[in-house]
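Spelled out, the chains give:
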Amino acid sequence: MLRLDGLTRRFGDTLAVDDVSFEVPAGHLVGFVGGNGAGKTTTMRMIMGVLAPSGGHVRWDDREITARDRREFGYMPEERGLYPKQPVLDQLVYLAQLHGVSRSEARERAGEMLARFDLGERAKDKLETLSLGNQQRVQIIAAVISRPKMLVLDEPFSGLDPAAVDDMVGLLREFTVAGVPVLFSSHQLDLVERLCDRIVILSHGRLVANGAADELRRSGPVRHRLVAGSDAGWVRDLDWLRTVDVAGNTAIVQLAAASDTDRLLAEAMRRGPVRELAELVPSVADIYREVTAEVAT
Ligand SMILES: Nc1ncnc2c1ncn2[C@@H]1O[C@H](COP(=O)(O)OP(=O)(O)OP(=O)(O)O)[C@@H](O)[C@H]1O
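What counts, and at which threshold
- For every chain, the first residue of its written sequence is number 1, and the numbers climb from 1 along that sequence.
- Per-residue local features of the predicted model are confined to residues with pLDDT of at least 70, and side-chain atom pairs are confined, for both listing and counting, to 80 or more; whole-chain, interface and lining totals are unaffected and use all residues.
- UniProt positions are given in the numbering used here, feature names are shortened, and annotations may be inferred rather than shown by experiment.
- Helix and strand definitions follow DSSP, with helices as H or I runs of at least four residues and strands as E runs of at least two, each counted in order from the N terminus.
- Exposure is read from a count of other C-beta atoms within 10 Å of each residue's own; the residue is exposed at 12 or fewer, buried at 20 or more and partly exposed in between. C-beta atoms are placed from the backbone.
- By the convention adopted here, residues make contact when the C-beta atoms placed from their backbones lie within 7 Å.
- The criterion for a residue being near a molecule or strand is a backbone-placed C-beta atom within 6 Å of that molecule or strand.
- Gly falls in the polar group here, along with every residue not listed as nonpolar (Ala, Val, Leu, Ile, Met, Phe, Trp, Tyr, Cys, Pro) or charged (Asp, Glu, Lys, Arg).

The name recorded for the protein chain in an unreviewed UniProt entry is ABC-2 type transport system ATP-binding protein, from Flexivirga oryzae. Under the Sequence similarities (unreviewed entry) heading, UniProt states for the protein chain: "Belongs to the ABC transporter superfamily."

## A closer look at the overall build of the protein chain
Tallying secondary structure elements over the protein chain gives 10 helices and 14 strands in all. Counting only C-alpha atoms and orienting by the principal axes, one finds that the protein chain spans roughly 80 × 45 × 35 Å. Within the protein chain, the proportion of its 297 residues that are buried is 34%. Across the protein chain, every contact between residues at least 6 apart in sequence was considered, and the portion connecting residues at least 24 apart equals 67%.

## Considerations on the site of the ligand
Around the ligand sit Phe-11, Thr-14, Ala-16, Gly-34, Asn-36, Gly-37, Ala-38, Gly-39, Lys-40, Thr-41 and Thr-42, and those are all the residues in its vicinity. The greatest single-element share of the shell around the ligand, amounting to three residues, is contributed by helix H1 (residues 40–48). Taken together, the residues of the shell around the ligand sort by class into three nonpolar, seven polar and one charged.

Right under this line is the structure:
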């Protein structure tokens, strides 16, 4: 298990990562979310030892992480890191060898992985001659070829088409099933919602949410959609609920207590026909907007 304890990083006056603590448990896929400049890449670089923390700790299996531990991690950095002008297969073999895999084993693994992602024919081509999506596939293969004990992936799905995303998800799942913790950053919230066991949200360097998607949903405010027979603007006059939005005969409201649902229904029926009253399950995008707005205000 990977654990961050109060991890902090300053760049001059900028507090890029501010006292961040969370865990990536064995066999879990954790989605790391946050707006541009939130501190995700800086956090991942500190996990990988590319950047030194200004404060706090990175722990692996309940002790301070070492360079030797990190050598057994798979990392896909933001700046990627493969050489555009080198042939695909040679680079994968070289990288695997750096992680202690023998040359023959490395060639076998690289060949298998390339074939699996329909890139067998491109093995001898320079990386830069592949489409961006295929280069991205090779980058992911590079991160996993040494069969790492932990995966740290910075935006691994950016630029991939849906079929490639599914291929990569299948690959990552093989690692989590084997007990490997996986941390990946993404701006694609729908994808994070679909894939992740847990979600960590950063805003302006601070951790603003951390938990299973279901837990986060339950911890947020419960909203309801009311569809009335005619204009629903009257909800704005009710002082015991918060009106989030009204458009014509549809109102989105936030109730203080579950028992207020009956009260709202009674009020609506008193005013005319009710077409629908439904609880809205927040998406990860809703949760994200909610928690990042709190920090911004
Ligand atoms: N080497 C550096 N020198 C100075 N400031 C930096 C450096 N690296 C990052 N920062 C600053 O730290 C903050 C966090 O940046 P970081 O790249 O970690 O965010 P991010 O969440 O990965 O963003 P994005 O989603 O845009 O990639 C930003 O304000 C950024 O400008």
